[in-house]
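Read off the chains here:
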There are 2 protein chains.
Amino acid sequence: MKDAVVGIDIGGTFTKYGIIDRVGNVMMEGSVPTDQTDDINVYLTGLNGAIDKTAAELGDSVSIMGIGIGAPNGNYKSGSIEFAPNLKWAHNKVVNLVTLLHKHFKMPVAVTNDANAAAIGEMIYGGAKGMKDFILITLGTGLGSGIVVNGELVYGNDGFAGEIGHVRAKDNGRMCGCGRRGCLETYVSAPGIKRTVFELLAEYNGNSELSKYSFEQLTSEMIYHAATRGDKIALEAFRITGELLGIKLADAVAHTSPEKIFLFGGLAKSGDYILNPTRESFEKNLLKIYQGKIPIVLSSLTEGNVAILGASALIWQELNKQ
Amino acid sequence: MKDAVVGIDIGGTFTKYGIIDRVGNVMMEGSVPTDQTDDINVYLTGLNGAIDKTAAELGDSVSIMGIGIGAPNGNYKSGSIEFAPNLKWAHNKVVNLVTLLHKHFKMPVAVTNDANAAAIGEMIYGGAKGMKDFILITLGTGLGSGIVVNGELVYGNDGFAGEIGHVRAKDNGRMCGCGRRGCLETYVSAPGIKRTVFELLAEYNGNSELSKYSFEQLTSEMIYHAATRGDKIALEAFRITGELLGIKLADAVAHTSPEKIFLFGGLAKSGDYILNPTRESFEKNLLKIYQGKIPIVLSSLTEGNVAILGASALIWQELNKQ
């Protein structure tokens, strides 16, 4: 009988889960909708049933040891999802997912936020294997971060460490969903680079293939494709985005001095378009003692099931502690 | 026979040392000049001889177990002092102090920078006893920081973590000794608040009791005393200094989410004049999830021999690991 765990990735629209072995093979996967109810019990009845059914298909060949969850605003220390704006059943309250899932499955359960889960995934299965100090940045609808120090994820006193997306990038800068202004993720994220393109379209009076899209239509993928075709506005938007990211990563280094920085998520798929300006600005802005020794690289985990892999890595790590 | 260690605090002008027991009693202390030679061997011959003499005075009642050193640019991981601008015998090179002292004393030796030593001192003897996650900020001729995560000091991959004084506080800001512009310590430190006073004197055309001092004469103590007498420029300088410190401490929280933040060093002695504007700006700039739960307090270690206490705490911690 083979040991396995369940990795769950809770997104605003879908919840994906997989049954995963120790080396990161996803043996089975499935998904349920996240946004069909604002009643956590209704949601969990659906999720638990789906997982039970998938596990039953694997039969006695697999022994499920625990459940790891990556979720927006997931707090490892409290086991809860706390005031997650994009989750209907947790947007205005604290939901203790660990307690609720443990009640049904009677096995160890752990939760953390999606960026932390990705960092643990990188550490267990990816390019950070054996690394003691690194930072992983997720560039998606927001900017998330998982910080590892002395081989352990930094959760902080309250379980909410690693919110580099909310450091101040500009005084009196763009409005952020958190209610403050100038947060890094309002510039460096998929919506962030879109906002930059719209500023540039305003400044240069169009003159870009991106001029034909509405704010609702434009995506970071479109900006990437325009950049590959040499569109000046798109290229300038990547330059500005990378420049700011480089400055703030240089500041992050002054906190925890990592061995490497990994970029992950939708915007990271733009490869050199985001990497080159980020690296250039990073090196220029680093304190001398750090210069030339901290590579910024793309995550070695490809997207797709990486979020459930990360969630599974979280619970493998817990099980290894026991 | 009582166990003790030697704590050494290397400053630009003097090197202070003390022989200290497990609970932080300084049994003997002494000092030698730091700046009389640029030959590390000459310096160490003097220091080693002085320590030997002091230890001999304590006689057989005390058994010395190890030596801890706090020094500018002291690197815990390499055991070296690396390119320390204010140390004549290390300003342009790497000096492995751990190896050199071990050769003479034949006992465990550890070195770290002064802010890290102060943080360990706070953890072993001071207000951070039993605390797993905290940040200590030293406000002196620079801004130093010691970051503790999961009960351990964050040294980072290269031993140089915790340089919050060199995060970017302003784009195209003041020239910093590190060669870059806008570093936090160019605003928030003893020289930083002096620079702010000079900007304000320029802006308001004097109108302050501080108008009568030259740049060379003015000290942060004078600014503090002027503030206690209600001098508007001095008060405004504290407000500006605290505001920037609060913003950057809010960013630091987004990295490691500490339980408490301790302020230490010359400028921290200004008490409420620096604490009040810092706390106000800090709370205003924190991400909502962190608000109202992270006190900023003065270090509970009084100055004087605190630097040698911190250095002794470093080596006690090493000895406890064995």
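Residues numbered from 1 in each chain as written. Chains lettered and ligands numbered in written order. Predicted model: local features only at pLDDT ≥ 70, side-chain atom pairs only at ≥ 80, totals over all residues.

**Brief notes about the overall build of chain A**
Alright, step 1. Of the regular secondary structure elements, chain A holds eight helices and 13 strands.
Alright, step 2. The C-alpha radius of gyration of chain A comes to 20 Å, within 12% of the 20 Å expected for a compact globule of 322 residues.
Alright, step 3. Buried positions account for 53% of the 322 residues belonging to chain A.
Alright, step 4. A separation threshold of at least 6 residues defines the contact pool for chain A, and within that pool the share at least 24 residues apart is 64%. (Helix = DSSP H or I, 4+ residues; strand = E, 2+ residues; numbered from the N terminus. Rg over C-alpha atoms; globule rule 2.2 N^0.38 Å. Buried ≥ 20, exposed ≤ 12 C-beta atoms within 10 Å, placed from the backbone. Contact = placed C-beta atoms within 7 Å.)

**Here we look at helix α6 (residues 232-256) of chain B**
Side chains three or four residues apart in an α-helix point the same way, a direct result of the helix having 3.6 residues per turn.
All names here are of chain B.
Alright, step 1. Its 25 residues give α6 an end-to-end C-alpha distance of 36 Å, which sits within 8% of 36 Å, the value for a rise of 1.5 Å per residue.
Alright, step 2. Within α6, 20 of the 25 residues are buried, which leaves the element mostly enclosed by the surrounding structure.
Alright, step 3. Residue Ser257 follows α6 closely and has a positive phi angle near 45°. (Expected span 1.5 Å × (residues − 1).)

**What about the pairing of strand β3 (residues 26-33) of chain B?**
Residue and element names in this part refer to chain B.
Alright, step 1. Bridging between strand β2 (residues 14-21) and β3 involves seven bridges; their strand directions are antiparallel. Its bridge partner lying in β3, Lys16 is registered against Ser31.
Alright, step 2. Where β2 folds back onto β3 in an antiparallel hairpin, the turn is made up of four residues, including Gly24, whose phi is positive at roughly 95°. (Pairing = 2+ DSSP bridges.)

**Brief notes about the sheet that holds strand β5 (residues 74-75) of chain B**
Residue and element names in this part refer to chain B.
Alright, step 1. Taken together, three strands build an open sheet; the order of strands is β5-β6-β7 and the sheet is antiparallel. The sheet is open, and its two edges are formed by β5 and β7 (94-95), each paired on a single side.
Alright, step 2. Where β5 meets strand β6 (residues 80-82), two bridges bridge the pair, whose relative direction is antiparallel. When the sheet's bridge partners are listed, Asn75 is paired in β6 with Ser80.

**Considering helix α8 (residues 306-321) of chain A**
Residue and element names in this part refer to chain A.
Alright, step 1. Between its first and last C-alpha atoms α8 spans 23 Å; for 16 residues at 1.5 Å apiece the expected length is 22 Å, and the two agree.
Alright, step 2. For α8, the set of buried residues is Val306, Ala307, Ile308, Leu309, Gly310, Ala311, Ser312, Ala313, Leu314, Ile315 and Trp316.
Alright, step 3. In this structure, the buried side of α8 is in contact with β1 (2-10), β2 (14-20), β3 (26-33), β4 (62-70), β8 (109-112) and α3 (114-124).

**Brief notes about the domain arrangement of chain A**
All names here are of chain A.
Alright, step 1. For chain A, the domain assignment lists domain 1 (2-121 + 304-321) and domain 2 (130-298).
Alright, step 2. The C-alpha centroid of domain 2 is placed 27 Å from the C-alpha centroid of domain 1.
Alright, step 3. The interface of domain 1 with domain 2 comprises 12 residues on the first partner and 14 residues on the second.
Alright, step 4. Among the residues forming the side of domain 1 that touches domain 2, the class breakdown is six nonpolar, four polar and two charged. (Domains from an automatic or database assignment. Nonpolar A, V, L, I, M, F, W, Y, C, P; charged D, E, K, R; others polar.)

**Overview of the relation of the copies chain B and chain A**
For the pair of chain copies, the relating transformation is a rotation about an axis with a translation along it.
Alright, step 1. With an RMSD of 0.0 Å, chain B superimposes on chain A once it is rotated by 180° and translated 0.0 Å along the axis. Taken together, the turn and the small shift mark the pair as related by a two-fold rotation axis.
Alright, step 2. With an isologous cut-off of 70% or more, the 100% of interface residues of chain B that recur at the interface of chain A puts this contact in the isologous class. (Least-squares fit on C-alpha atoms with pLDDT ≥ 70 in both.)

**Describing the interface of chain B and chain A**
Alright, step 1. On the chain A side, the residues contacting the 34 residues of chain B number 34 residues.
Alright, step 2. Looking at the side of chain B that touches chain A, the elements with two or more residues in it are β10 (143-149) and α6 of chain B.
Alright, step 3. Element by element, the count of residues in the side of chain B that touches chain A is highest for α6(B), at six residues.
Alright, step 4. Taken together, the residues that form the side of chain B that touches chain A break down as 15 nonpolar, nine polar and 10 charged.

**Quick notes on unusual backbone geometry**
Alright, step 1. At A:Asn172, a position not held by glycine, the phi torsion is positive, near 50°.
Alright, step 2. Its 7 C-beta neighbours within 10 Å are what place A:Asn172 among the exposed residues.

**Description of the packing of helix α6 (residues 232-256) of chain A against α6(B)**
Alright, step 1. Between α6(A) and α6(B), the shortest axis-to-axis distance is 11 Å and the interhelical angle comes to 70°. Considering their axes alone, α6(A) and α6(B) lie roughly perpendicular with respect to each other. In this structure, α6(A) uses A:Ala252, A:His255 and A:Thr256 to contact α6(B), whose residues at the interface are B:Ala252, B:His255 and B:Thr256. (Axes fitted to C-alpha atoms, helices over the stretch in contact; angles between N-to-C directions. Parallel < 35°, antiparallel > 145°, perpendicular 65-115°, else oblique.)

**Examining the sheet that holds β1(A)**
Residues and elements named next belong to chain A.
Alright, step 1. Ordered in space as β3-β2-β1-β4-β8, the five strands form an open sheet in which the pairing is mixed. Across the chains shown, the open sheet's two edge strands, defined by having one partner strand only, are β3 and β8. Within this sheet the neighbouring strands show an average axis-to-axis angle of 20°, counted without direction.
Alright, step 2. Examined bridge by bridge, β1 and β2 share six bridges and lie antiparallel to one another. Bridging across to β2, Val6 finds its partner in Ile19.

**Description of the environment of B:Asn285**
Alright, step 1. Secondary-structure assignment places B:Asn285 in helix α7 (residues 272-285).
Alright, step 2. Along the sequence, B:Asn285 and B:Ser270 sit 15 residues apart, while their C-alpha atoms lie 23 Å from each other.

**Quick word on the environment of B:Phe105**
Alright, step 1. You can see B:Phe105 is positioned in helix α2 (residues 97-105).
Alright, step 2. In this structure the C-alpha to C-alpha distance between B:Phe105 and B:Glu203, which are 98 residues apart in sequence, comes to 56 Å.

**Some details on the pairing of strand β12 (residues 260-264) of chain B**
Residue and element names in this part refer to chain B.
Alright, step 1. Most of β12 is tucked away, with four of its five residues classed as buried.
Alright, step 2. When strand β9 (residues 134-139) meets β12, the two strands line up parallel, connected through five bridges. The partner of Leu136 across the bridge, within β12, is Phe262.
Alright, step 3. With α7 bridging β12 and the parallel strand β13 (residues 296-298), this β-α-β connection has right-handed handedness. (Right-handed = clockwise from strand over helix to strand, strands pointing away.)

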